[in-house]
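A structural walkthrough
Listed below are the residues making up each chain.
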Amino acid sequence: AARYRTLFEEFHLVGKVVGPEEPPDFMHVYNQFTIRVQNRDALREKLRAQAIPSEVYYPIPLHLQKAFEYLGYKPGDFPESESASREVLSLPIYPELSEEQQRTVVAAIAASLA
């Protein structure tokens, strides 16, 4: 996670890509490294074209999922959740991920957002 943050700075992506916050008094295990970016779907396609995996875990915000329909929420009730569901993308992160592989991921993001 720290390496991704450093690479985002190196590739001048701070402000274009919003990464997860590091809680000050806790240590995150980063089973996911989820960024928030405009034009998420276009970026995901460009990464896919370069064989770089990514994932969207919640394409539909919870309040609009069928399982929670009985609560009566409708589009617009939670605009931040709805926005996030269109903008978040999880990048590869696992212990064996090399610096070179992370650099490839971030370079592809930078090229896509240029």
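Structure's up top.
Read on for an overview of the structure. (Residues numbered from 1 in each chain as written. Predicted model: local features only at pLDDT ≥ 70, side-chain atom pairs only at ≥ 80, totals over all residues. Heavy atoms only, no water.)

Focus: the packing of aromatic side chains
Our working rule: By convention, a stacked pair of Phe, Tyr or Trp rings (six-membered ring in the case of Trp) has centres within 6.5 Å and planes under 30 degrees apart, an edge-to-face pair has planes over 60 apart, and any other such pair is tilted. Only DSSP runs of H or I with at least four residues qualify as helices, and only runs of E with at least two residues qualify as strands; both kinds are numbered from the N terminus onward. Only protein chains enter the accessibility calculation, which uses a 1.4 Å probe; a residue is then buried when its area is under 20% of its type maximum, exposed when over 50%, and partly exposed in between.
Enumeration over the complete set of coordinates arrives at five aromatic pairs. Their ring planes at 40° and their centres at 6.2 Å tell us that F8 and F33 sit as a pair that is tilted. Of the two residues, F8 sits in helix α1 (residues 2–10) while F33 sits in strand β1 (residues 33–36), which places them 25 residues apart along the sequence. Given a relative accessible area of 0%, F33 falls into the buried group. An angle of 35° between the planes, with centres 6.0 Å apart, marks the rings of Y30 and F33 as tilted. There is no split in this pair, since Y30 and F33 are both buried. Through pairs of rings, three or more aromatic residues link up here, namely Y4, F8, Y30 and F33.

Some points on the pattern of salt bridges
Applicable threshold: Salt bridges are defined as contacts in which a side-chain nitrogen from Lys or Arg sits within 4 Å of a carboxyl oxygen from Asp or Glu.
Tallied over the entire structure, the rule returns seven salt bridges. Note that R44 is salt-bridged to E55, the shortest N-O span being 3.8 Å. Of this pair, R44 sits in helix α2 (residues 40–49) while E55 is found in the loop between α2 and α3 (79–87), placing the two residues 11 residues apart along the sequence. Take R44: its relative accessible area is 18%, and that puts it in the buried class. Here E45 ties to R48 by a salt bridge, and the two come within 3.5 Å at their closest N and O atoms. Remark: R48 and E45 occur in helix α2; sequence separation between them is three residues, near one turn of the helix. It is possible to trace a salt-bridge network through shared partners that takes in R36, E80 and E87.

Focus: the nonpolar core
Nonpolar side chains tend to gather and get buried jointly when the protein is soluble and globular. Put simply, the rule is: By nonpolar core we mean a set of buried residues, namely Ala, Val, Leu, Ile, Met, Phe, Trp, Tyr and Cys, connected to one another through side-chain atoms within 4.5 Å. We call two residues contacting when some pair of their heavy atoms lies within 4.5 Å.
Ranked by size, the top nonpolar core spans 22 residues in total, and within it Y4, F8, F33, I35, L47, L91 and I109 carry the most contacts. Only α1, β1, α2, β2 (88–91) and α4 (99–113) provide two or more residues apiece to this core. Element by element, the count of residues in this core is highest for α4, at five residues. Every residue in contact with F33, bar those within four places of it in the chain, is listed here: A1, Y4, R5, F8, P20, L89, S90, L91 and I93.

Comments concerning the packing of α1 against α4
So the rule is basically this: For every element, the axis is a line fit to its C-alpha atoms; helices are fit only across the contacting stretch, and the angle between N-to-C directions ranges from 0 to 180 degrees. Between 65 and 115 degrees an angle is taken as roughly perpendicular, under 35 as roughly parallel, over 145 as roughly antiparallel, and anywhere else as oblique. Crossings are assigned a handedness: left-handed for a near helix turned anticlockwise from the far helix by less than a right angle, right-handed for a clockwise turn. Think of it as three bins: nonpolar holds Ala, Val, Leu, Ile, Met, Phe, Trp, Tyr, Cys and Pro, charged holds Asp, Glu, Lys and Arg, and polar takes everything else, Gly as well.
At a minimum axis distance of 10 Å, the contact between α1 and α4 shows a crossing angle of 40°. Considering their axes alone, α1 and α4 lie oblique with respect to each other. Every pair of crossing elements has a handedness; the one defined by α1 and α4 is right-handed. Facing α1, whose interface residues are R3, Y4, L7, F8 and E10, α4 presents E99, Q102, R103, V105, V106 and I109. Residue composition of the contact of α1 with α4, grouped by class: six nonpolar, one polar and four charged.

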